Amino acid sequence: MLKFRQRGFTLIELMVSILIISLGLLGLARLQMRMQLSDMESYQRAQALLLINDISSRMTANPNNASGYVTTSPVGSGMTCPTGSSTRQQVDLADWCNSLQGAAEIGGGNVKAGAMLGGRGCIQSLGSNQYMITVAWQGVGPISSPPTSVACGSGSYNGSSGCINDLCRRVVTTIVRVATL
């Protein structure tokens, strides 16, 4: 009597192996997607910090006219940038507004693409030669809303993919103290 030994895979074993590999590859694809979103968020935060540093340096370099940098409404994306050039503050605010709109990198068709999504900036006086500088932008997805004490860009980033109640608004702020000379 002849006995046959089984060699190789059966069809069921092969299907189970393919299923396990497929689930692993789907998990890797999802991980890659999440990493790209995190990279985008960190890139935008780095851009915002650079822009805050830029305008704060300009303000401290012009201490006698620091109050001229205060904005009554946000500047940046979706806004018309100031065009005045009679004072250093007007030139600095125009440059900052263009930077918030992404003027550092121009894409096809002269589209500004070098900054955060929907970047807006605000400068408010806190008195005693102190100023709060804020940069706000559109986050990739809803996380949590910034404190209500930071009003820059409030309500401007609602309406897309779960972005309600400022859950997609990202902000960074800094306090600048300008010396009295």
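Below is a short write-up of the structure. The model shown is predicted, which means the values in this text are computed figures rather than measured ones.

Before going further, it helps to spend a moment on the pattern of salt bridges. Counting across every chain of the model gives six salt bridges. The partner of Arg 170 in a salt bridge is Glu 41, and the shortest N-O contact between them spans 3.2 Å. Of this pair, Arg 170 sits in strand 6 (residues 169-177) while Glu 41 sits in helix 1 (residues 11-61), and the two are 129 residues apart along the sequence. For Glu 41, a relative accessible area of 16% puts it in the buried group.

Moving on, we get to unusual backbone geometry. Phi is positive for Ser 128, which is not a glycine, with a value near 55°. For Asn 129, which is not glycine, the phi dihedral falls at a positive 60°. Tracing the backbone through its elements, the reader meets Asn 129 in the loop between strand 4 (120-127) and strand 5 (130-138). Residue class for Asn 129 comes out partly exposed when judged on its relative accessible area of 33%.

This part takes up the sheet that holds strand 6. Read from one edge to the other, the open sheet built from four strands follows the order 1-4-5-6, with strand pairing classed as antiparallel. Bordering the open sheet on either side are strand 1 (75-76) and strand 6, each of which pairs with just one other strand. Sheet topology note: the strand 1/strand 4 ladder contains two bridges and is antiparallel. Paired with Gly 76 across the bridge in strand 4 is Arg 120. Along the sheet, helix 1 contacts strand 4, strand 5 and strand 6; its crossing angle with strand 5, the most-contacted strand, is approximately 150°.

On to the pairing of strand 4, then. The pairing of strand 4 with strand 5 spans seven bridges and is classified as antiparallel. Each bridged residue has a counterpart across the sheet, and for Arg 120 the counterpart in strand 5 is Ala 136. The hairpin formed by strand 4 and strand 5 contains two residues between the paired strands, and Ser 128 there has a positive phi angle of roughly 55°.

Rules and cut-offs
- Residues numbered from 1 in each chain as written.
- Predicted model: local features only at pLDDT ≥ 70, side-chain atom pairs only at ≥ 80, totals over all residues.
- Heavy atoms only, no water.
- Salt bridge = Lys/Arg side-chain N within 4 Å of Asp/Glu carboxyl O.
- Helix = DSSP H or I, 4+ residues; strand = E, 2+ residues; numbered from the N terminus.
- Buried < 20%, exposed > 50% of the residue type's maximum accessible area, 1.4 Å probe, protein only.
- Pairing = 2+ DSSP bridges.
- Contact = heavy atoms within 4.5 Å.
- Axes fitted to C-alpha atoms, helices over the stretch in contact; angles between N-to-C directions.

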